[in-house]
Amino acid sequence: MTCYDRQDLGLLLLRLGTGGVLAAHGSQKLFGWFGGGGIEGTGAAMEAMGYSPGRQSATVAGLAEAGGGALLALGLATPAAGAAAAGAMVGATAVHAPNGFFAAGGGYEYAASLALTAAGLAITGPGRLSLDHALGHAVNRGWMVPAALAVTGAATAVVVGLRNRRVREAAAFEQETLFDE
């Protein structure tokens, strides 16, 4: 029998805390739990934030957060789970970026912290106190880390880029409307 070290316990705490928070956020989006808007409410909010179509955006973000968070907490498919959760949080960071860094002012501090922690867990791995370890790392292979981060990074860049373009176009249209009167 092996003795678990501080690193394993630390990774377990990071996974449970980060994964639990992400799973709760995703559950708000998907099911309306914990005071969330569910798919309909979150979809309307996503549309207003520039993510279109809103309902599909809410579903993907909710699945990435809830699914990625639950898998991170369990330490299962850690590269894919961490990458998916990080991608969703980068999308949230883009929304909050115009408000500055600190969350107290509506900034991106919180979303960026979750994204970095999820990405860090994807890279570091889940530790020995995990389902990945118990299953012989069948869905936590070394090659999966760069693959998951690359695919998620590319998809996130496209989605956030399209969202930013919609936001700029909407702002330009509003500005034109002000001067047409």
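Going along each chain's sequence as written, the residues are numbered from 1 onward. Two thresholds apply to this predicted model, a pLDDT of at least 70 for residue-level local features and 80 or more for giving and counting side-chain atom pairs, whereas whole-chain, interface and lining totals are computed over all residues. Note that water and hydrogens are dropped before the side-chain values are worked out from all heavy atoms of the structure.

A. Quick peek at the nonpolar core. Within the largest apolar cluster, 14 residues are counted, with the highest numbers of intra-cluster contacts made by Leu-22, Leu-72, Ala-85, Met-89 and Ala-118. In this description a helix means any DSSP run of H or I spanning at least four residues, a strand means any run of E spanning at least two, and both kinds are numbered starting from the N terminus. Counting only elements with at least two residues in this core, the list comes to α1 (6-31), α3 (54-74), α4 (78-96) and α5 (109-124). When near neighbours in sequence (up to four residues on either side) are disregarded, Met-89 contacts Leu-22, Glu-65, Ala-111, Leu-114 and Ala-115. To define a nonpolar core, start from buried Ala, Val, Leu, Ile, Met, Phe, Trp, Tyr and Cys residues and group those joined through side-chain atoms within 4.5 Å. Residue burial is assigned from relative accessible area. The probe radius is 1.4 Å, only protein chains are included, and a residue is buried under 20% of its type maximum, exposed over 50%, and partly exposed in between. Listed in part, the 7 residues of the second largest apolar core include Tyr-51, Ala-58, Val-95 and Val-160. Residue contacts are counted whenever heavy atoms from the two residues lie within 4.5 Å of one another.

B. Structural detail: the packing of α1 against α3. Axis separation between α1 and α3 bottoms out at 7 Å; the angle between their running directions is 155°. With respect to their mutual orientation, α1 and α3 come out roughly antiparallel. Our pair here, α1 against α3, has a crossing hand that is left-handed. Note on element contacts: α3 touches α1 through Ala-58, Thr-59, Ala-61, Gly-62, Leu-63, Glu-65, Ala-66, Gly-69, Ala-70, Leu-72, Ala-73 and Leu-74, opposite Arg-15, Leu-16, Gly-19, Gly-20, Leu-22, Ala-23, His-25, Gly-26, Ser-27, Lys-29 and Leu-30. In this classification, Asp, Glu, Lys and Arg are treated as charged, Ala, Val, Leu, Ile, Met, Phe, Trp, Tyr, Cys and Pro as nonpolar, and every other residue, Gly included, as polar. The class makeup of the residues in the contact of α1 with α3 is 12 nonpolar, 8 polar and 3 charged. The convention used is that axes are lines fitted to C-alpha atoms, helices contributing only their stretch in contact, and that angles between N-to-C directions extend from 0 to 180 degrees. Each angle is binned into one of four classes, with values under 35 degrees roughly parallel, values over 145 roughly antiparallel, values of 65 to 115 roughly perpendicular, and all other values oblique. Here a crossing is taken to be left-handed if its near helix is turned anticlockwise relative to the far helix by less than a right angle, and right-handed if that turn runs clockwise.

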